[in-house]
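What follows is the residue order along each chain.
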Amino acid sequence: MSNAPVIAAVDGSEHSLRALEWARKEAVRHDTGLLVAHVLPDHAQLYAGRRASLHDASEPREFADPVRDWVRSLLGVGGSSSTDSGLPEGVTYEALEGSVPEALRVIGSEARMLVMGSRGRGGFASLLLGSNSRAVASSAACPVVVVPHAERGAPPDDDAEQSAGRVVLGLHAAETPEDVLTFAFTEAAVRGTTVQVVSAYAIPPSPTLVMDSPFAVIPPEGLADEGDGVPAEREMLRSQTQRLAPLRERFPDVPVEQAAVPGDPAGRLVIASRAAALVVVGRHHPRRTAMSLAIGSVAHAVLHHAHGPVAVVPTLKDDV
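Residues numbered from 1 in each chain as written. Predicted model: local features only at pLDDT ≥ 70, side-chain atom pairs only at ≥ 80, totals over all residues. Heavy atoms only, no water.

(A) Fine view of the pattern of salt bridges. Taken as a whole and judged by the stated rule, the model has nine salt bridges. The partner of Glu 21 in a salt bridge is Arg 24, with the nearest N and O atoms 2.7 Å apart. Linking Glu 21 with Arg 24, this pair stays in helix 1 (residues 14-30), spanning three residues, or about one helical turn. For the salt bridge of Arg 243 with Glu 178, the shortest nitrogen-to-oxygen distance reads 3.1 Å. Here Arg 243, found in helix 9 (residues 231-250), pairs with Glu 178, found in helix 7 (residues 178-191); they are 65 residues apart in sequence, far enough to count as distant. Judged by its relative accessible area of 22%, Glu 178 falls in the partly exposed class. (Salt bridge = Lys/Arg side-chain N within 4 Å of Asp/Glu carboxyl O. Helix = DSSP H or I, 4+ residues; strand = E, 2+ residues; numbered from the N terminus. Buried < 20%, exposed > 50% of the residue type's maximum accessible area, 1.4 Å probe, protein only.)

(B) Seen up close, the sheet that holds strand 6 (residues 167-170). If you trace the 10 strands from one edge of the open sheet to the other, you get 3-2-1-4-5-10-9-6-7-8, paired in mixed fashion. What marks the edges here is a single partner per strand, and that holds for strand 3 (91-96) and strand 8 (256-262). With strand direction ignored, the average angle separating the axes of adjacent strands in the sheet is 25°. Both strand 1 (residues 6-9) and strand 4 (residues 113-117) contribute to a ladder of three bridges, which runs parallel. Across the sheet, Ala 8 pairs through a bridge with Val 115, a residue of strand 4. Of the strands in this sheet, strand 1, strand 2 (34-39), strand 3 and strand 4 are in contact with helix 4 (residues 100-107), which crosses strand 2 at around 155°. (Pairing = 2+ DSSP bridges. Axes fitted to C-alpha atoms, helices over the stretch in contact; angles between N-to-C directions. Contact = heavy atoms within 4.5 Å.)

(C) Fine view of the side chain of Ser 133. Locating Ser 133 in the fold gives a position in helix 5 (residues 131-139). Judged by relative accessible area, which is 3%, Ser 133 ranks as buried. At a separation of 2.6 Å, a polar atom in the side chain of Ser 133 contacts the main-chain carbonyl oxygen of Gly 117. (Polar contact = N/O pair within 3.5 Å; in protein donor to acceptor, adjacent residues only side chain to side chain.)

Okay, here's the thing in structure tokens:
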């Protein structure tokens, strides 16, 4: 899938504009094409169906598509570098019919990734995540990157600064599919940045440590001795190291940082999203099958509360 395009799902809203800009930069990083996809509203789809069924040549061949014109105005360039569509070389636009989740699932089946905003034009302002974004992230065959709306942004605190500019990977050392790790390392490689790996250990040693212990990022060389970490934390970091070893061999130029947190990792991933370049999580709960459409609890929580882009990566092959 090295030549697969990056797809930006747009609807003309400010939320989708942020997703389009993020997808455009991502396509440049991967040196691949950008496909801008818009699912036509119901009235446009009805018009197209009526014209086709009546074969009325007097009707305009195309229904006016203001989103297409909006995309051309944003991305179009003049001169020899533009195509007949009015878009730059390597950029295409496609109007889709059907329901939004199903149409995007179909077109995303051969994509490198599908990028969309956290809410669409019709979303309620109070919603943290729109229904279409949630449905696509839960079931698409390709990784889905959800770019939150501007109101979700938050200034980084001291904890978040430890993740600044990094690709942050939520890892269940024993069960996260290899596709999720590969996606995170690939994204770090094209950005020239670090992968910061966050895992959770199940039993905290004491309430005091849970409440008061600061978040600590440990480089691989920091695991050479027993140090001051509690046993459960040290064991989790060692499990991380074993799981990450093949990825370090495949991506020798990508720096790696490791961190373990007590309990649920979602809270730490949300904090990291304030400053991270991208947060990467697997889609399914580790104990569900790859064909399950239910999104895992960590992915669900991070999607709803993250302050920056989140990639939800499905199991692309049976390697769980």
